[in-house]
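Single-letter residue listing:
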Amino acid sequence: MSNDLKVKGPIEIKDNSAERVAFDLMARISTAENYSETHPKLAENKRHYYLELYSQCLDAVKDRGAPSLSDLSK
């Protein structure tokens, strides 16, 4: 697991921005995955889970492609 996640520049959370759409997508996915505070993967590092999920959602929204299934199983 890499700890080198970096945010480049300010994050805009406007109603129609890619960042807002990615944030909303992240919220929907995390709800659908049913991670609770006691889920082992989330309890291990909640911050990393949400940052990685947001990064994947932002890439998908900005048409950089969705992560592969093998990436999602990590």
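Everything here concerns the structure above.
Here's a quick rundown of the structure. (Residues numbered from 1 in each chain as written. Predicted model: local features only at pLDDT ≥ 70, side-chain atom pairs only at ≥ 80, totals over all residues. Heavy atoms only, no water.)

1. Examining the overall build of the protein
- For the protein, the helix and strand inventory stands at four helices and zero strands.
- Starting at the N terminus, the α and β elements of the protein follow one another as α-α-α-α.
- Counting the 74 residues in the protein, one finds 19% classified as buried.
- When contacts within the protein are restricted to residue pairs at least 6 apart in sequence, those whose partners lie at least 24 apart make up 58%.
- Total accessible area computed for the protein in this model is approximately 5,800 Å², and 52% of it derives from carbon and sulfur atoms. (Helix = DSSP H or I, 4+ residues; strand = E, 2+ residues; numbered from the N terminus. Buried < 20%, exposed > 50% of the residue type's maximum accessible area, 1.4 Å probe, protein only. Contact = heavy atoms within 4.5 Å. Areas by Shrake-Rupley, 256 points an atom, 1.4 Å probe, with all protein chains shown as cover.)

2. Re the side chain of Ser 30
- Positionally, Ser 30 belongs in helix α1 (residues 18-32).
- Polar contacts involving the side chain of Ser 30 include one to the main-chain carbonyl oxygen of Ala 27, which spans 3.1 Å. (Polar contact = N/O pair within 3.5 Å; in protein donor to acceptor, adjacent residues only side chain to side chain.)

3. A closer look at the pattern of salt bridges
- Scanning the model with the defined rule gives two salt bridges in all.
- A salt bridge links Asp 24 to Arg 20, with the nearest nitrogen and oxygen atoms 3.1 Å apart. Taken together, the positions of Asp 24 and Arg 20, both in helix α1 and four residues apart, correspond to about one turn of that helix.
- Under the relative-accessibility criterion, Asp 24 is labelled partly exposed at 32%.
- Using a relative accessible area of 26% as the deciding quantity, one classes Arg 20 as partly exposed. (Salt bridge = Lys/Arg side-chain N within 4 Å of Asp/Glu carboxyl O.)

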